[in-house]
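Read off the chains here:
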Amino acid sequence: MSNMEIPPLRRRSGHASAELAAHFEKLIASGDLQPGMRIPAERELAVSMSVSRTTLREAMHELEAKHLIERRPGRGTTVLGPSLEVGVLIDTLNDLELQVRHAAEMRFVVEPRIAGFAARRATAADILRLHEVLDQSGDHLRPSESLSLDLQFHTLLAEAAQNPLLSAVHRLSAEWTGDLRAHSHATRAARHASTDGHRIILAAVIAHDAQAAEDAMEQHLREVADLVSQGALREDSKANQTAQPTPMGASERKP
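Residues numbered from 1 in each chain as written. Predicted model: local features only at pLDDT ≥ 70, side-chain atom pairs only at ≥ 80, totals over all residues. Heavy atoms only, no water.

## Some remarks on helix H1 (residues 16-30)
Keep this limit in mind: In DSSP terms, a helix is any run of H or I states spanning at least four residues, a strand is any run of E spanning at least two, and both are numbered starting from the N terminus. An expected span of 1.5 Å times one less than the residue number is assigned to each helix. Relative accessible area decides the class of each residue, using a 1.4 Å probe on protein chains only: under 20% of the type maximum gives buried, over 50% gives exposed, and in between gives partly exposed.
The end-to-end C-alpha separation of H1 is 21 Å, in line with the 21 Å expected for 15 residues at 1.5 Å each. Considered for burial, the residues of H1 that qualify are Glu19, Leu20, Ala21, His23, Phe24, Leu27 and Ile28.

## Concerning the nonpolar core
How we decide: In this text, buried Ala, Val, Leu, Ile, Met, Phe, Trp, Tyr and Cys residues form a nonpolar core when linked through side-chain atoms within 4.5 Å.
By size, the foremost hydrophobic cluster in this structure holds 23 residues, and its most contacted members are Leu130, Phe153, Leu157, Ile201, Val205 and Met217. Elements with a contribution of two residues or more to this core: helix H5 (96-121), helix H6 (124-136), helix H7 (143-160), helix H9 (188-206) and helix H10 (210-243). Listed in part, the 20 residues of the second largest apolar core include Phe24, Ile28, Leu33 and Met60.

## Things to note about the packing of H1 against helix H3 (residues 53-65)
Filter applied, for reference: Helix axes are fitted only over the stretch in contact, all axes being lines through C-alpha atoms; the angle between N-to-C directions runs from 0 to 180 degrees. Angle categories are assigned with fixed cut-offs, so that under 35 degrees is roughly parallel, over 145 is roughly antiparallel, 65 to 115 is roughly perpendicular, and the rest are oblique. The hand of a helix crossing depends on one turn: near helix anticlockwise from the far one by less than a right angle means left-handed, and clockwise means right-handed. In this description, contact between two residues means that some pair of their heavy atoms is separated by no more than 4.5 Å.
In contact at an axis separation of 8 Å, H1 and H3 are set at 50° when each is read in the N-to-C sense. Considering the angle they form, H1 stands oblique to H3. As for the relative orientation of H1 and H3, their crossing is right-handed in sense. Packed against H1, whose contacting residues are Ala16, Ser17, Leu20, Ala21, Phe24 and Glu25, the element H3 presents Thr55, Leu56, Glu58, Ala59, Met60, Glu62 and Leu63 at the interface.

## Some words on the pairing of strand E3 (residues 76-79)
The condition is simple: We call two strands paired when DSSP finds no fewer than two bridges between them.
Of the strand pairs in this sheet, strand E1 (residues 38-39) and E3 are connected by 2 bridges, and their pairing is antiparallel. Among the inter-strand pairings, isoleucine 39 is bridged to a residue of E3, identified as threonine 77. The pairing of strand E2 (residues 69-72) with E3 spans 4 bridges and is antiparallel. Among the inter-strand pairings, glutamate 70 is bridged to a residue of E3, identified as threonine 78. Linking E2 to E3, which pair antiparallel, is a turn of 3 residues; within it glycine 74 sits at a positive phi near 85°.

Interpretation note: all reported values are geometric properties and have no functional meaning in isolation.
Right, dumping it as structure tokens:
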């Protein structure tokens, strides 16, 4: 896409290459630059961004080091973006317990802060939408229905934080952890615990108490991590049992 239009770099603080790299990271995180898109040639891009080619090369080198772009001679520069990194990360997580721990750690880093910002910034409309999702939730639902509402609740909470970058990070987090967090809705007790956690978080958001919202989210994530670990390990155990060879029946025995 040699005719791709890159939004201009608006602010300068004297660190042009760092600002340019950050600018591209934001465009990738927000989806303005999507995986597979080709970035214009160096000369053209340097002119359009009003930077020197040296500055541009430094910024591109940083993006390449973060695996956000790929540069190949004769093929130009291609956006990789977060969605391709997901596959790399998941491929490296072969141990089930390690997957659960990594997913929990990532959620602990991101979601309590999102809840805190939501408590500070949520509008009446945001709170109404969160209420609507919570009112539909409960332990009477099928696991798939409960999981869907769970994702909706956390997505609306991220939107209430009113930061598009945090929303983008949350979407990636949900994509990375979707299979694992399904285990936190596998049983009626688990679905009840999930709904209760959401109710406490929403109460803190309604009170615009950022610290209470962060604390409630942390407690919710601890409970979810336990449920995910228990459910995932049960499924793994079942899979291993299924994979065990069964004794041959009379008709299968050799004469």
